[in-house]
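# What the coordinates show
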Amino acid sequence: MLNQTMDHAKINTIERHILDEQQSHPEATGILTSLLYDIALAGKVIASQTTRGGLVEILGKTGTTNIQGEEVMKLDELADRMIYRLNDHTGRLAVMASEEQEDILPVSPRYPVGKYVLLYDPLDGSSNIDYNVSIGTIFAIYKRTSTSGPGILADCLQRGRNLIAAGYLVYGASTMLVYTSGMGVHGFTLDPIVGEFLLTHPNIRIPEKPKYYSVNQGYEKFWSEGIRRFTKYLQGDEPDFQGQYCKGLSMRYIGSMVADFHRNLLGGGVFFYPADNKDPNFPHGKLRLCYEGAPLAFIVEQAGGTSSNGNQNLLDIQPESLHQRTPMFIGSRDLVEKAEEFIHTYDSRE
Ligand code: AHG
Ligand code: MN
Ligand code: MN
């Protein structure tokens, strides 16, 4: 006789899960479903290369610099090309934009033009590649706003509120894909032998009680008073504006935002990369609104959390350029709201 517990643990693949979600949208054409599946496939290919990183001669720097002025690693290029190549000819997209490319990537006139727009950070946390530390991929899907021909810049510069779907892959001890299409946040773990993403984390909700805060505390000397005091609050050393103390959270910082975000999404807490005066060229911090901020903001909101640039929800910011930076506070609602309070109180008068 079948073991009842085993029998009740339903096994669901990402393909079936996405198709099931599609059923609840009778108007759906299946194009978004296919697009998400293409991204999952790109994730599998990148994961296979990432885990082989130390074996093949893929590590090391290419010697070129990207639009952000950072050294490009070979895995960045590989991930960038893989996502592009799996999506340029499918007829599902009008335009793409990648964190690694200066300009938008409209679909070639050789291929049919679709109605969706894909923005992606092919490898997030790339400074960790050489150290066998978790890295990730982030993606954001919008509907095009232009009406014909290949997509244009305006299709890519949409507020996060317009997102149709967003997600990330994290290449860690195991590879996971986490996504939302506005119906909750769902996490899948790659079975590397079978080659399928299986549903392991349905309906992720960020815990009410936070455990972690994540920030590069090495930059404390570049912070404003509001950010310093907010961090003291998280450590349990500074009261909030009602005179209440936080119990003191654990600090965790990997330096791969996807991995830091993922841990805090499951464990509860806040990740932040504030504005600082470290580099006058980047007064708004390091992270990019379109490729990193908006997609994770959509995910966190679907999981019951929230995000801010210190003043405004990241989803409400109208991007003005593809690679614009933003201060970022993301995670448990209560902590993100506290960050805003500290910033309004101590920094607005600077
Ligand atoms: P990317 O590798 O896509 O350029 O992003 C790296 C980002 C992010 O993943 C991480 O949180 C942050 O850089 C770490 O920066 P610091 O080293 O300045 O803390
Ligand atoms: Mn990144
Ligand atoms: Mn990147």
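On a predicted model such as this, the values are computed, not experimentally measured, just so you know.

## Thoughts on the environment of Leu 105
Relative to the helices and strands, Leu 105 resides in strand E4 (residues 105-106). For Leu 105 and Gly 151, which are 46 residues apart along the polypeptide, the C-alpha to C-alpha distance reads 8.4 Å. Excluding residues within four positions of it along the chain, Leu 105 makes contact with Tyr 84, Val 95, Met 96, Ser 98 and Tyr 120.

## What about unusual backbone geometry?
One non-glycine residue, Asn 132, lies in the positive phi region at around 55°. Mapped onto the elements of the fold, Asn 132 is located in the loop between strand E5 (116-124) and strand E6 (135-143). One non-glycine residue, Asn 203, lies in the positive phi region at around 50°.

## A closer look at the coordination of the manganese ion (ligand 2)
Ligation of the manganese ion (ligand 2) by protein atoms is provided by Asp 121 (OD), Asp 124 (OD) and Glu 292 (OE), these donors lying 1.8 to 2.2 Å from the ion. If you list the donors of the manganese ion (ligand 2) from N- to C-terminus, the spacing comes out as D-x2-D-x167-E. Looking at Asp 124, the relative accessible area reads 4%, which means it is buried.

## A word on the domain arrangement of the chain
Domain parsing of the chain yields domain 1 (9-201) and domain 2 (212-349). Computed from C-alpha coordinates alone, the two centres of domain 1 and domain 2 are separated by 24 Å. Facing 49 residues of domain 1, the contacting portion of domain 2 comprises 35 residues. The junction of domain 1 with domain 2 conceals about 3000 Å² of combined surface from both sides, 62% of it contributed by carbon and sulfur atoms. When the area that domain 1 buries against domain 2 is broken down by residue, the three leading residues are Leu 157, Arg 161 and Tyr 168, summing to 21%. Between the two partners, domain 1 and domain 2, sit three salt bridges. Between Arg 288 and Glu 99 there is a salt bridge, with its nearest N and O atoms 3.4 Å apart. For the pair domain 1 and domain 2, the number of links is 17 residue pairs in polar contact (both at pLDDT 80 or more). Elements supplying a minimum of two residues to the side of domain 1 that touches domain 2: strand E3 (93-98), E5, E6, helix H5 (153-156), strand E7 (165-171) and strand E8 (175-180).

What counts and what doesn't
- Residues numbered from 1 in each chain as written.
- Chains lettered and ligands numbered in written order.
- Predicted model: local features only at pLDDT ≥ 70, side-chain atom pairs only at ≥ 80, totals over all residues.
- Heavy atoms only, no water.
- Helix = DSSP H or I, 4+ residues; strand = E, 2+ residues; numbered from the N terminus.
- Contact = heavy atoms within 4.5 Å.
- Donors = N, O, S within 2.8 Å, 3.2 Å for Na, K, Ca; no water.
- Buried < 20%, exposed > 50% of the residue type's maximum accessible area, 1.4 Å probe, protein only.
- Domains from an automatic or database assignment.
- Buried area = accessible area lost by both parts, 1.4 Å probe.
- Salt bridge = Lys/Arg side-chain N within 4 Å of Asp/Glu carboxyl O.
- Polar contact = N/O pair within 3.5 Å; in protein donor to acceptor, adjacent residues only side chain to side chain.

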